[in-house]
Amino acid sequence: MSKVVKNMKLAAKIGLTVSLVLILGLGTVMITSVSRVRETTATDSENRLGELANARATLVNEYFNDFEDYFGAIASQQVMVDALENPEDPEKVAAAQKALENYVGTRENMEGLFLSDMSARLICHTVTDAVGTYLTEDADDLESRISGIEAAENHVYLRGIVTSSATGDMVASCHAGVYNSAGQLVGFIGGGTYISDLQEKVYGMDLNGYTDTQIYLIDVNKNNYVFSPDESEIGTEVSSEDSDVMNAAASSEKGVLEYEDDGEMWMLAYETIPSMNMILYICDSESEIYANVNHLSLVIMYLCIIVLIVSVGVVFFISRVIGKDLEIISGVIQKVGTLDLTQSKGLERFRGRKDEIGQIAKAMGLLTESVKEAVNNLMDKAGVLSESSGSMRTNTNETASSMEHINGAACELANTATSTAENITDISVQMQDVEEVMEMSMKNTQVLEEASATIQTTVDTGIENVAQLKDISAQSLEAFNRIFEGIDNISQSSSKISEASDMIKSIAQQTNLLSLNASIEAARAGEAGKGFAVVADEIRELSDQSSASVETINDMLEELQKNTDNAVRQSDLVRDYVNRQQDSVTETADSFSGIVDQIGSVNDAIGGLEEANKNLAKGVKSISDSISNLSAISEENAATAQELNATTENVNANVENLDSQGKGVASAAYELKEIVGVFKTQDNEDETNV
């Protein structure tokens, strides 16, 4: 996988990287947003369900409080006390009966009202057929009713919701104690009211947008359902699932629960009605509660996908533009890497740009210009060196030719001396031959002097050429040192650019961290931070682009550093050739110094020969006196000739050495030209075309 990524083009890498970042970023934003919205919705739903439960519990509580007040008002009527204390008095009983009938008409949905004595015998009843009968024949039931009345704070005992024996509907049953003036309980008022109107009021209340909400009312005393969405459950025993609600209500008057029913989660808010010992709870499915959240999640997901597609398209477009420019620069650098420095013209189109691509183009242009100038200087110096070596070889050849003449003269002188020694006995008769030999010797001496002067002139010229060549070598060495310094400066500049690149990368990382913190803070800010979150995402995107650009610059700097190292190695090779050339020039100068010394010896020998010729002339004039010394003079001439011959051989050897050194200088100049010639500049390209 890493190999595939490495081989991808820059545009694809940037696009892939930004796409992954966008996917992760947008995914995180979506998940975080939806999670926050769900949390907010859950809290809001809990509050809403709690408010709905509280409003209905309040309504139920007020309903039964009013119901209790209704019975308390009836029980406080004196006619009720009179009828209970005088059950045999028809008038008083009739008055109580009439009062009950009047009261029952003031409240809707009343099942009936009755007046009972302490034995549960009905003294009065709105259903007249029930008068004289007993409310209950169960003593414990009667005792429970009386105890409930006496225990109640207002002596009104709400027995609960029961099923009417007459109609089968749910009825709220209530008893209110009737006390005489002495405060003694003498009987009680009882009756029931159908709770259908209460149910209609409870179910008719606003649900704040909920449609699937279910409302339950449980009578804890009877352990049955008072209200239920399922009418078949009304009046039946509470199920085991709702026992959890009763258990929770036992420890807290109100609260919120979650439970699962048939694979679906539900939220339930309950509130107790302590005065009636009832529990009202309202529940709704989470599918409805989170319907808006789910819709918002889909909207956010679609928006994220659209933003992702648009962003990836823009990133790929921008990356393609940058990658295309980098491909052009890379192609130019590769062509320059083939030592064709004229290809740097392809970077002119980027010179005016202020971004990193323009900086790279400018740096590469400066590098190629510096190398081109150095190559042209080397080519010029190599040409001068080649010309100097050619001149030196010409002078050496002339010196060698002169030395051949000197050698011939020396051999001829040796032959003359030998002939003189052999014919010493015939000298007296061959004086004319001796005079001719003497004249020839004088001529040869003049020739030798002229040859010596020519050699001296040639050597002087050679010394001047060698001095000039030495200066040129010094200038070449100085020029190469400047080139080496330029290459070192390029390497240092590359290091500084790398440091700047690392600094940019560090800034990009800090910017990325800052944008991440900004995104977190924007997420915390909720709706108010959305705009800031977009800005933070843009900052993070710019930071990622800067990091990717820094990686690209580092790759190019690495390639530039490799080329610089290659130039350093080539410069070391050139430095070695220049040093070898300098050494060869120095050795040539030393050889010329030796030639000067040898020429001095030749001049001394020529001076000796001239002196001998003078002595020979004197001897000819006084041949008769010096015939005995002629043999010694002949031997001296022979020795001088041998010495001259040896001297000419040394001079020839030095000339051959000088010629060899000249060839070495010419070879070094040619090699220098070949080394520099691999660099293709506009100048040497024009020379090649010419």
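Scoring rules and cut-offs
Residues numbered from 1 in each chain as written. Predicted model: local features only at pLDDT ≥ 70, side-chain atom pairs only at ≥ 80, totals over all residues. Heavy atoms only, no water. Core = buried A, V, L, I, M, F, W, Y, C linked by side-chain atoms within 4.5 Å. Buried < 20%, exposed > 50% of the residue type's maximum accessible area, 1.4 Å probe, protein only. Helix = DSSP H or I, 4+ residues; strand = E, 2+ residues; numbered from the N terminus. Salt bridge = Lys/Arg side-chain N within 4 Å of Asp/Glu carboxyl O. Pairing = 2+ DSSP bridges. Axes fitted to C-alpha atoms, helices over the stretch in contact; angles between N-to-C directions. Parallel < 35°, antiparallel > 145°, perpendicular 65-115°, else oblique. Left-handed = near helix turned anticlockwise from the far one by under 90°. Contact = heavy atoms within 4.5 Å. Nonpolar A, V, L, I, M, F, W, Y, C, P; charged D, E, K, R; others polar. Expected span 1.5 Å × (residues − 1). Arc of directions from axis to C-beta. Patch = residues over 30% accessible without salt bridge, like charges linked within 9 Å, V, L, I, M, F, W, Y side chains within 5 Å. Areas by Shrake-Rupley, 256 points an atom, 1.4 Å probe, with all protein chains shown as cover. Lys, Arg positive; Asp, Glu negative; His and termini not counted. Charge placed at Lys NZ, Arg CZ, Asp CG, Glu CD. Polar contact = N/O pair within 3.5 Å; in protein donor to acceptor, adjacent residues only side chain to side chain.

A.B. asks: Lay out the nonpolar core in plain terms, naming residues and giving numbers.
C.D. replies: Membership of the largest hydrophobic core comes to 54 residues, with the highest contact counts inside it found for Phe64, Phe71, Met80, Leu115, Val178 and Ile189. Tallying contributions element by element places helix 2 (residues 10–75) first for this core, with 13 residues. Residues Ile218, Met246, Leu268 and Tyr281 belong to the second largest nonpolar core, which totals 14 residues.

A.B. asks: Which residues make up the pattern of salt bridges, and what values do they have?
C.D. replies: Think of it this way: side chains of opposite charge can pair up when their charged atoms draw near. Overall, the coordinates contain four salt bridges when judged by the stated rule. Between Arg107 and Asp66 there is a salt bridge, and its shortest N-O distance comes to 2.8 Å. Residue Arg107 is found in the loop between helix 4 (90–104) and strand 1 (110–117), and its partner Asp66 is found in helix 2; the two are separated by 41 residues along the sequence. For Arg107, a relative accessible area of 14% translates into the label buried. With a closest N to O distance of 3.6 Å, Arg121 and Asp117 form a salt bridge. What makes Asp117 buried here is its relative accessible area of 14%.

A.B. asks: For unusual backbone geometry, give the residues involved together with the corresponding values.
C.D. replies: A positive phi angle, close to 65 degrees, is found at Asn109, a residue other than glycine. On the basis of relative accessibility, which here comes to 29%, the residue Asn109 falls in the partly exposed class. Despite not being glycine, His155 has its phi angle at roughly 65 degrees, a positive value. Residue position: His155 is located in the loop between helix 5 (139–151) and strand 3 (156–163). When its relative accessible area of 30% is taken as the criterion, His155 is described as partly exposed.

A.B. asks: Tell me about the pairing of strand 3, and please be specific about residues and values.
C.D. replies: Bridge analysis of strand 3 against strand 4 (residues 170–179) gives seven bridges, and the strand direction is antiparallel. When the sheet's bridge partners are listed, Val162 is paired in strand 4 with Val171.

A.B. asks: Account for the packing of helix 3 (residues 78–85) against helix 4, with residues named and values stated.
C.D. replies: At a minimum axis distance of 8 Å, the contact between helix 3 and helix 4 shows a crossing angle of 140 degrees. When the axis of helix 3 is compared with that of helix 4, the two are oblique. The interaxial crossing formed by helix 3 with helix 4 has left-handed handedness. Every residue of helix 4 that contacts helix 3 at Val79, Met80, Asp82 and Ala83 is listed here: Lys92, Val93, Ala95, Ala96, Ala99 and Leu100. Its residues assigned to classes, the contact of helix 3 with helix 4 shows eight nonpolar, no polar and two charged.

A.B. asks: Could you give me a rundown of the pairing of strand 10 (residues 278–285), with the residues and numbers involved?
C.D. replies: Within strand 10, eight of the eight residues are buried, which leaves the element mostly enclosed by the surrounding structure. Here strand 10 shows a buried face lined by Met278, Leu280, Ile282 and Asp284 and a second buried face lined by Ile279, Tyr281, Cys283 and Ser285. Where strand 6 (residues 214–219) meets strand 10, six bridges bridge the pair, whose relative direction is antiparallel. Across the sheet, Leu217 pairs through a bridge with Leu280, a residue of strand 10. Of the strand pairs in this sheet, strand 9 (residues 264–273) and strand 10 are connected by eight bridges, and their pairing is antiparallel. Residue pairing across strands places Met267 opposite Asp284, the latter belonging to strand 10.

A.B. asks: So, helix 5: which residues are in play, and what are the values?
C.D. replies: Taking 1.5 Å as the rise per residue, helix 5 with 13 residues should run 18 Å; its terminal C-alpha atoms sit 18 Å apart, in good agreement. When we look at burial in helix 5, the residues that qualify are Leu142, Arg145, Ile146, Gly148 and Ile149. Projected onto a plane normal to the axis of helix 5, the buried residues spread over an arc of 155 degrees and lie on a single side. Facing away from the buried side of helix 5 by over 90 degrees, the exposed positions are Ala139, Asp140 and Ala151. Those residues of helix 5 that are buried lie in contact with strand 3, strand 4 and strand 5 (185–194).

A.B. asks: Could you give an account of a negative patch on the surface, naming the residues involved and the relevant values?
C.D. replies: Together, Glu241, Asp244, Glu260, Asp261 and Asp262 make up a negatively charged patch on the protein surface. Put simply, the parts of the chain that give the negative patch at least two residues each are helix 7 (240–251) and strand 8 (254–261). Relative to the helices and strands, Glu260 is located in strand 8.

A.B. asks: Hey, could you go over the side chain of Arg107 for me, with residue numbers and the actual values?
C.D. replies: Within the structure, the side chain of Arg107 is placed 2.8 Å from the side chain of Asp66, a separation counted as a polar contact. For Arg107, the contacting residues outside a window of four places in its chain are Tyr63, Asp66, Phe67, Tyr70 and Thr193.

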